[in-house]
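Inside the fold
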Amino acid sequence: MKITVIIPAAGMSTRFNGSGTDADLLGMGRSKLDEDLGGKTVLQRTIELFNTHEDVGQIIVAGPYDPEAMASFKLRHGDRLNLLGAELVVGGRDHRWQSVQAAIQSVKDEATHIAIHDAARPATPPELIDRVFDAAARFDAVIPVIPVSDTLKRVSPETIDDQSEADPLAAILGAGESNPMHEVVGGIDRTDVVMVQTPQVFKNDLLMRAYQQEDLTSTDDAGLVERLGERVVTVAGDERNMKLTRPGDLPVLRAIMKVHAPKARASHKKF
Ligand code: CTP
Ligand code: MG
């Protein structure tokens, strides 16, 4: 196998930064991929999961679409990407699939398989990567999944208007959605429901075919292969393969990776 790894890294980290701020609206929020994990950025940790793997022949990182954001991304990550042998392409503006679509153009012909892994998953155990890669030698589309442990329910799309809780100041400031309440409208049997992780690995030509479809709306790449009517096979994922999504995920990731938060330098040692 000769695997090209695509790492979508063009997201806006909206949930990580907390939405609604000016910086967020302008797309200038701090990127979660810059956060420190034991002296290395999240993005570097993610690339290092693959750059020495014997089956990996190429790594493509899809960075920000906005030219200014891309220039600053290059300043922050460019040297390290070069050292690790990763190529940088311009990602998609609004959706992850647009970033993958952009990166696919740069995949070398010699690649037999394409793996796609979220830049925001830096703690993937090497055994999981090998499990997915091994299965990809036998099946054309492989994804890691984990069981759902909490009970699942369906709720009404609209929120319940709870007047007794109304805080007039919050209403004026538009912050009334912090505790949205919904009505339960049904249960979901979780026995055959799973949560999907990355890396997802596909035969090169299968993924190319999936991305030639008219409708590319999707939240993962396997969804597009399913849309073709082709079979997607699951292997066991791993709880440690967490995606950095919200601020609270960062200490958990540091614990999983056994690294400490960077120490703020004591003020008497600053000079
Ligand atoms: N991603 C991307 N291009 C986009 C959107 C997302 O390459 N237009 C990437 C992100 O950088 C991330 C991965 O897809 O590595 C998973 O997305 P997610 O965790 O949702 O990250 P963000 O989109 O940055 O976060 P949010 O949805 O909270 O804004
Ligand atoms: Mg997103």
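Before any of the text, the structure's been laid out above.
Residues numbered from 1 in each chain as written. Chains lettered and ligands numbered in written order. Predicted model: local features only at pLDDT ≥ 70, side-chain atom pairs only at ≥ 80, totals over all residues. Heavy atoms only, no water.

On to the overall build of the chain, then. Helix and strand counts for the chain come out as 10 helices and 12 strands. Contacts in the chain between residues far apart in sequence, at least 24 positions, make up 75% of those at least 6 positions apart. (Helix = DSSP H or I, 4+ residues; strand = E, 2+ residues; numbered from the N terminus. Contact = heavy atoms within 4.5 Å.)

To continue, consider the site of ligand 1. Near ligand 1 you find 18 residues, and of these Ser13, Thr14, Arg15, Ser99 and Lys243 are the closest. Pro8 is positioned with one of its backbone polar atoms (N or O) 2.9 Å from an oxygen atom of ligand 1. At 2.9 Å from an oxygen atom of ligand 1 is found a main-chain nitrogen or oxygen belonging to Ala10. Contact with the protein chains removes 87% of the 560 Å² of surface that ligand 1 exposes when unbound. Of all elements in the fold, only α1 (14-17) and α5 (96-104) reach the threshold of two or more residues within the shell around ligand 1. (Near = heavy atom within 4 Å. Polar contact = N/O pair within 3.5 Å; in protein donor to acceptor, adjacent residues only side chain to side chain. Areas by Shrake-Rupley, 256 points an atom, 1.4 Å probe, with all protein chains shown as cover.)

Our next topic: helix α6 (residues 126-136). Among all positions of α6, only Leu128, Ile129, Val132, Phe133, Ala135 and Ala136 are buried. The buried residues of α6 occupy an angular sector of 165 degrees when the element is viewed end-on, so they sit on one face. Turning to α6, the residues buried within the fold contact β1 (3-8), β4 (56-63), β6 (113-116), β7 (141-147), β11 (200-203) and β12 (233-236). (Buried < 20%, exposed > 50% of the residue type's maximum accessible area, 1.4 Å probe, protein only. Arc of directions from axis to C-beta.)

A word on the nonpolar core. Grouped together as the largest cluster of nonpolar side chains are 39 residues, with contacts concentrated most on Leu43, Ile47 and Val61. Take this core: its biggest share by element is 6 residues, from α6. Those residues within four positions of Ile47 in sequence are excluded, and the remaining contacts are Ile7, Ile59, Val61, Leu81, Leu84 and Ala86. Within the second largest apolar cluster, 24 residues are counted, among which are Ala62, Val107, Leu216 and Val225. (Core = buried A, V, L, I, M, F, W, Y, C linked by side-chain atoms within 4.5 Å.)

A few words on the pairing of β11. In this sheet, β11 lies alongside β6 in antiparallel orientation, the contact comprising 4 bridges. Bridged to Ala115 within β11 is Val201. Inspection of the sheet shows β7 paired to β11 by 2 bridges, in the antiparallel sense. Each residue of the ladder has a partner; that of Ala141, found in β11, is Phe202. (Pairing = 2+ DSSP bridges.)

Attention shifts here to the environment of Val89. Here Val89 is to be found in strand β5 (residues 86-90). Assessed through its relative accessible area of 13%, Val89 is described here as buried. Between the C-alpha atom of Val89 and that of Val61, which follows or precedes it by 28 residues, the distance is 6.2 Å. Apart from the residues lying within four places of it in its own chain, the contact partners of Val89 are Ile60, Val61, Ala62, Gly63, Met70, Ala103 and Ser106.

Bringing the pairing of β6 into the picture now. A regular strand carries its side chains on alternate faces of the sheet. Here β6 shows a buried face lined by His113 and Ala115 and a second buried face lined by Ile114 and Ile116. Where β1 and β6 come together, 4 bridges link them in parallel fashion. Bridging across to β6, Ile3 finds its partner in His113.

Here Ile114 shows up in strand β6. The buried category is assigned to Ile114, whose relative accessible area is 0%. Taking the C-alpha atoms as reference points, Ile114 and Val56, 58 residues apart in sequence, are found 9.5 Å from one another. If we ignore the near neighbours within four places in the chain, the residues touching Ile114 are Thr4, Ile6, Val107, Gln200, Val201, Phe202, Asn204, Leu207 and Met208.

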